[in-house]
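Here is what each chain is made of, one letter per residue.
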Amino acid sequence: MADYQPGACNIGAAERRKRYRTGVASFAAAALLVVAVLLVDAPAFWLLATVLPLFGGFLGVMQARAGFCVGFAMAGVYDVSDAGGRRRVAPESGQRADRKRAIVLPLQALAAATACALGVYAVGAVAL
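Note that this is a predicted model, so its numbers are computed, not measured. (Residues numbered from 1 in each chain as written. Predicted model: local features only at pLDDT ≥ 70, side-chain atom pairs only at ≥ 80, totals over all residues. Heavy atoms only, no water.)

Caption draft 1: Molecular detail of the pattern of salt bridges. By the definition in use, this model includes 2 salt bridges. Measuring nitrogen to oxygen at the nearest pair gives 3.2 Å for the salt bridge that ties Lys18 to Glu15. Of this pair, Lys18 and Glu15 both sit in helix H1 (residues 13-39), 3 residues apart, which is roughly one turn of that helix. On the basis of relative accessibility, which here comes to 40%, the residue Lys18 falls in the partly exposed class. By relative accessible area, Glu15 is classed as buried at 5%. For the salt bridge of Arg19 with Glu15, the shortest nitrogen-to-oxygen distance reads 2.7 Å. Here the residue Arg19 and the residue Glu15 both occupy positions in helix H1, the gap between them amounting to 4 residues, near one helical turn. For the pair shown, Arg19 and Glu15 are each scored as buried. Put simply, Glu15, Lys18 and Arg19 are held in one network by salt bridges that share partners. (Salt bridge = Lys/Arg side-chain N within 4 Å of Asp/Glu carboxyl O. Helix = DSSP H or I, 4+ residues; strand = E, 2+ residues; numbered from the N terminus. Buried < 20%, exposed > 50% of the residue type's maximum accessible area, 1.4 Å probe, protein only.)

Set out below in structure tokens:
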């Protein structure tokens with residue numbers, strides 16, 4: 001079992017698994033979107049819409065790997081247990097550290113999703 005560490009770790013193994021599943025499902029949605037655009041011969045610019053599911057995919061996987069949930073951080077809670085059981089983050093300094101990290105992870109996920117979506121568009125524009 002992991003221990004809560006402000007700004008570093010606010011979820012345990014059970015919550016990490018949930019985020020991995022969400023991330024994988026989001027990546028699958030991005031792949032389905034690409035297939036749909038190619039099958040219906042839609043304009044290539046629709047491939048840029050993959051940025052949304054890619055963002056969800058990257059955010060889910062990044063949270064799972066980091067052991068850190070952005071939503072929990074913003075709500076001021078943590079759950080490092082295997083059975084589930086959210087607890088409040090007591091010290092103000094812990095909440096502050098969590099919220100700082102909660103800003104960084106989505107920005108990293110957005111950067112990765114944007115780069116990938118642009119790559120998908122570039123390849124798709126040639127294919128279409």
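Caption draft 2: Just the packing of aromatic side chains, in detail. Using the criterion set out here, one finds 3 aromatic pairs in the structure. Judged by centre distance (4.3 Å) and plane angle (20 degrees), the ring pair of Tyr4 and Tyr78 falls under stacked. Here the residue Tyr4 occupies a position in the segment before H1, and Tyr78 occupies one in strand S1 (residues 77-78), the gap between them amounting to 74 residues. Like Tyr4, the residue Tyr78 is buried in the burial classification. Here the basic side chain of Arg101 rests over the ring of Phe68, its NZ or CZ set 5.2 Å away from the ring centre. (Phe/Tyr/Trp six-rings, centres within 6.5 Å; stacked < 30°, edge-to-face > 60°. Lys NZ or Arg CZ within 6 Å of the ring centre and 35° of its normal.)

Caption draft 3: View of the nonpolar core. Core analysis: the largest hydrophobic core is formed by 7 residues, namely Leu59, Phe68, Val70, Ala73, Ala102, Leu105 and Ala109. Those elements that place two or more of their residues in this core are helix H3 (70-75) and helix H4 (92-127). No other element matches H4, which puts 3 residues into this core. Ignoring anything within four residues of it in the chain, the contact list for Leu105 reads Leu59, Met62, Gln63, Phe68 and Val70. (Core = buried A, V, L, I, M, F, W, Y, C linked by side-chain atoms within 4.5 Å. Contact = heavy atoms within 4.5 Å.)

Caption draft 4: Structural detail: the packing of H1 against helix H2 (residues 51-66). At their nearest, the axes of H1 and H2 sit 7 Å apart, and the two run at 155 degrees to each other. With respect to H2, the axis of H1 lies roughly antiparallel. Here H1 and H2 pass one another in a crossing that is left-handed. On the side of H1, the interface is formed by Arg16, Arg19, Tyr20, Gly23, Ser26, Phe27, Ala29 and Ala30, while H2 contributes Pro53, Leu54, Gly56, Gly57, Phe58, Gly60, Val61, Gln63, Ala64, Arg65 and Ala66. Looking at the contact of H1 with H2, its residues break down into 10 nonpolar, 6 polar and 3 charged. (Axes fitted to C-alpha atoms, helices over the stretch in contact; angles between N-to-C directions. Parallel < 35°, antiparallel > 145°, perpendicular 65-115°, else oblique. Left-handed = near helix turned anticlockwise from the far one by under 90°. Nonpolar A, V, L, I, M, F, W, Y, C, P; charged D, E, K, R; others polar.)

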